[in-house]
Amino acid sequence: MKKEKKMPEWDLSEYYNGVDDPKIDEDIKKYAEKAAEFAVRYRGKVAKLEAGEFAAALRELEELSRISGKLGGYASLNSSTNLTDPKASALYQKIVESLNDAGKDILFFGLEYNKLSAAAEKKLLADETVRGYLPYLKRVRKYKPYELSEEVEKTLLEKDVTSGSAWVRLYEETMARLSYTVDGKKYNDAQVSRLCLSPDAALREKAGKEINNVSKENSFTVGYIYNMIMKDKAVEDEKRGFKLPMSARNLAEEVSDETVDCLAQTVRDNYENIAWRFYKIKAKLLGVEKIKYWDRNAPLPLESDKEYSWEEAVQTVLEAYKAFSPKLFDIAREFFDKPWIDVAPKEGKRSGAFCSGPLTEEHPFLLLNFTGKRNDVLTLAHELGHGCHHQLRRHNGVLNETTRMTTEEVASVFGEMLVFQAMLNQAKDDKEKIALLAMKVNDMINTAVRQIAFHFFETRAHDERKGGEVPVGRLNEIWLEEMKTSLGPWVEVDENSAYIWEQVGHFFFLPFYVYAYSFADCVVNSLYWLKLQGKVDNFEDKYLALLQKTAIGDYQDIFAPFGLNPASKEFWQGGLNLISYYLDQLEELVNKL
Ligand SMILES: [Zn+2]
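Residues numbered from 1 in each chain as written. Predicted model: local features only at pLDDT ≥ 70, side-chain atom pairs only at ≥ 80, totals over all residues. Heavy atoms only, no water.

Participant: Account for the overall build of the chain, naming residues and giving values.
Facilitator: Helices and strands together make up the secondary structure of the chain, namely 27 helices and 7 strands. Taken over C-alpha atoms, the radius of gyration comes to 25 Å for the chain, in line with the 25 Å a tight globule of 593 residues would show. Projected onto the principal axes, the alpha-carbon positions of the chain cover approximately 75 × 60 × 50 Å. Going through the 593 residues of the chain one by one, you find that 54% of them count as buried. Of the contacts formed within the chain by residues at least 6 apart in sequence, a portion of 77% connects residues at least 24 apart. Roughly 26,900 Å² of accessible area belongs to the chain as shown, and the carbon and sulfur atoms make up 51% of that amount. (Helix = DSSP H or I, 4+ residues; strand = E, 2+ residues; numbered from the N terminus. Rg over C-alpha atoms; globule rule 2.2 N^0.38 Å. Buried < 20%, exposed > 50% of the residue type's maximum accessible area, 1.4 Å probe, protein only. Contact = heavy atoms within 4.5 Å. Areas by Shrake-Rupley, 256 points an atom, 1.4 Å probe, with all protein chains shown as cover.)

Participant: So what's going on with the coordination of the zinc ion? Residues and values would help.
Facilitator: Each pair of donors in an ideal octahedron of six around a metal sits at 90 or 180 degrees, and each pair in an ideal tetrahedron of four sits at 109.5 degrees. Coordination of the zinc ion by the protein involves H382 (NE2), H386 (NE2), E409 (OE) and E409 (OE), with metal-donor separations of 2.1 to 2.7 Å. Viewed at the metal, the 4 donor atoms of the zinc ion are separated by angles of 52 to 141 degrees, and the geometry they form is irregular. One chain supplies every donor to the zinc ion, and in sequence these donors are spaced H-x3-H-x22-E. You can see H386 sitting in helix α18 (residues 374-392) and its partner E409 sitting in the loop between α19 (405-408) and α20 (410-426), a full 23 residues away along the chain. (Donors = N, O, S within 2.8 Å, 3.2 Å for Na, K, Ca; no water. Tetrahedral: all angles 85-135°; square planar, octahedral: opposite > 155°, others 65-115°.)

Participant: So what's going on with the environment of I579? Residues and values would help.
Facilitator: For I579, the location among the structural elements is in helix α27 (residues 569-592). Between the alpha carbons of I579 and K284 there is a distance of 19 Å; along the sequence they are 295 residues apart. For I579, the contacting residues outside a window of four places in its chain are I274, V441, M444, A448 and N525.

Participant: An account of the packing of aromatic side chains is requested, with residue identities and associated values reported.
Facilitator: Applying the stated rule across the entire model yields 43 aromatic pairs. Measuring from centroid to centroid gives 5.9 Å for F38 and F108, while their planes differ by 40 degrees, and the two rings are tilted. With F38 in helix α1 (residues 22-42) and F108 in helix α4 (residues 108-114), the pair connects residues that are 70 residues apart, well separated along the chain. Taking the relative accessible area as the measure of exposure, F108 reaches 7% and is therefore buried. Centroid distance Y226 to F507: 6.4 Å. Interplanar angle 35 degrees. Geometry classified as tilted. (Phe/Tyr/Trp six-rings, centres within 6.5 Å; stacked < 30°, edge-to-face > 60°.)

Participant: If you had to explain the sheet that holds strand β5 (residues 354-356) to someone new, which residues and values would you point to?
Facilitator: Sheets are built from strands paired through backbone hydrogen bonds, the pairs being either parallel or antiparallel. If you walk across this open sheet you meet the 3 strands as β4-β6-β5, and the pairing is mixed. At either margin of the open sheet sits one strand with a lone partner, and together these are β4 (341-342) and β5. When β5 meets strand β6 (residues 365-367), the two strands line up antiparallel, connected through 3 bridges. Across the sheet, the residue bridging to F354 is L367, located in β6. α18 rests against β4, β5 and β6 of the sheet, and its axis sits at about 15 degrees to β5. (Pairing = 2+ DSSP bridges. Axes fitted to C-alpha atoms, helices over the stretch in contact; angles between N-to-C directions.)

Participant: Which residues make up the state of the cysteines, and what values go with them?
Facilitator: Applying the stated criterion across every chain, the model contains 0 disulfides. Looking at C388, it has no disulfide partner, and the nearest cysteine sulfur is the one in C355, 9.0 Å off. (Disulfide = S-S within 2.5 Å.)

Participant: Before we move on, can you summarise unusual backbone geometry with the specific residues and values?
Facilitator: Even without being a glycine, E254 presents a positive backbone phi close to 60 degrees. Counting through the fold element by element, E254 comes out in the loop between α13 (247-253) and α14 (257-269). Even without being glycine, N538 reaches a positive phi, approximately 50 degrees. Relative to the helices and strands, N538 is located in the loop between α24 (514-533) and α25 (539-549).

Participant: Help me get a handle on the nonpolar core, residues and values and all.
Facilitator: The biggest cluster of nonpolar side chains holds 194 residues, and the ones touching the most others in it are W479 and Y543. Among the elements that line this core, the one with the most residues is helix α21 (residues 430-465), at 17 residues. Those residues in contact with Y543, other than ones at most four positions away along the chain, are F324, V410, A411, F414 and F562. (Core = buried A, V, L, I, M, F, W, Y, C linked by side-chain atoms within 4.5 Å.)

Structure representation (C-alpha cells):
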C-alpha cells in the first residue's frame, strides 16, 4: 500500500461522549418510562381513538423509535471499532437487552391496529397527519390476513424456541464447529473458502474437495435439520394461509409471487447466454478445457494489482459520481468534508465495510477497511452509495422508513457501476480491461444468476418435502441438476460438489431469501442499462427521486417514471442485458489475445 497521511476517523460525539457518558443511562431510562406510559395510555384503547389521538400516538411511537435508534445505533457503531474493548461490548449488550425489555410494552399497538375494521381504518386515514404515516401503517396492515388468534400466535412464539429457532441454532453451531484439513493444516469454513481463491490450482482443488467431504460426513445431521426446518415452515405457512413456500418471504419483501417467478424464469432463460458463455471464456483464460466446480472464482493469471492512495480513491469515486450527477456529488462530498467515515483498518476494528445511520433524520456513518486495492475503491463507491441513499430519505420519517433488501442495494450497486465504468474507461491496456471485465462479470453472475439456481433448489426441496422427508441423496440430486443447468458444460459438476448445498446458510436461517440478491442486482442493472442506452429523459432527476422513495413506494410506482415494470420479463431482461454487454466486450478482447 502507498504511504499515507493519517486517514479519516469518524467522530461519534454528536450522539454520546463515549461509553461512560451519563446521557446513555438517562436515555435508557427515558425510553423505558415513555414505553410504559405509552402502554398505559393506549393499550386496549386503539379502536376507540379519534384521528387526532391516533396521530398523537403515532408521534409518540416515532419519538420512542428515535431514542432506541440513537442508543442502539451508537452502541453498535462504537463497538464496531472497539471489538476487543469489554466496556464497548458490555454497553452494546446492556442497550440491546433494555430496549428489548421495554419494547415489549409497545407491541400491542400494531396488533390492535390490525383488528380495526376497514371502515374504521378509512376514517383514521381521512386525517392528513395520520395519512403521513401511510407507508408504516400499510406495512403493519399487510400481515392482517395471515395473523392467527392471539392464543395461537403466543403458542407459536413460545414453541419457536424449541422448533424453528432451535433447528437454526443447531445448524449454525454444527457448522461453526466443523474443521477442514488441507495439507495437514486445520481451517474453519471462512478460511477454507478463501483457499479456493488462491492462485495455486492444486491448493484450490484440495480445499474444494475437502469442503465437500466434510459436508458429506455431516450430511446425516444437516439433512435431518433441513427436513425439520422445511416441515416446521410448512406447518406454520399452512395455518397462516400462505399459498407457496416462498410467499411469506415475498410478503416481507413486499413483492408478489408472480414477480419473483418472472425474475427466476427470466434468469433461467439466460443461463446459457450468460453463465455458460462466461465459464467457457474463463476456462480459456485459465488454460483448461473445463473448469472445476471450486475454480469458478479463481483469480486469472493476468490480474493486475493497481494500487490507490486514499486521496486517489476519493478522487476516482467522486469524479465518477460527479460525471453522472452533480447533485449526487454534492451529497457524497459531505462525507469526506466531515468526520463521518472511518477509513483505515486497525486493531479491534470490524472487518469488511458498512454504512449505518442510527437515525433516519440524521446523516449515517461509513466504516471501511481501506488497503488501497482496486476492490477497496469499489467498496468505497458502494458504501458511499448507501450513504447518499440514506441522506435522500431523511425526510421520510422514522416509522415510514425501513430496509427492504430488494431495493436497499440500488444506490450502492449503482455507485459501484459508475466507478467500475470509469475504471474500465481509464484502463491502460487490453489485459487490464480483461481483468476488470472478468472480475465484474464473475461478480454479477454470482449475484444475479447463481442465487437463482439456489432459489430453484430450495423451491424444489420444499415442494418435495410436502410428500414426506427428502433423503440426503435426493437433495444432492436436485442440487447437482440445478448446478449443471446453471453453470453449463464448461464447469465440472459431479460427486465432488454434491453436498455443497449444506454450506448455503440462507437455506437454513432465511428460507427463500436468496432470490433477493438477484432481484436487487437485476433492478440496478436494469436501471444502469437504461442509463447506458440514454433513452430516458432526465434520468438523473428520476433516479434521485427513485432513491427517495425506495422504502415508501410500491415497486410498480417507483419504476414507472423509467417506463419499467418489475412484473414483466423485459424489466429483468434489461438487467441481464447489461451482463451480456460486458460479456461481449470481454469475449472480443479475449479473442484478440
Ligand atoms: Zn450494500
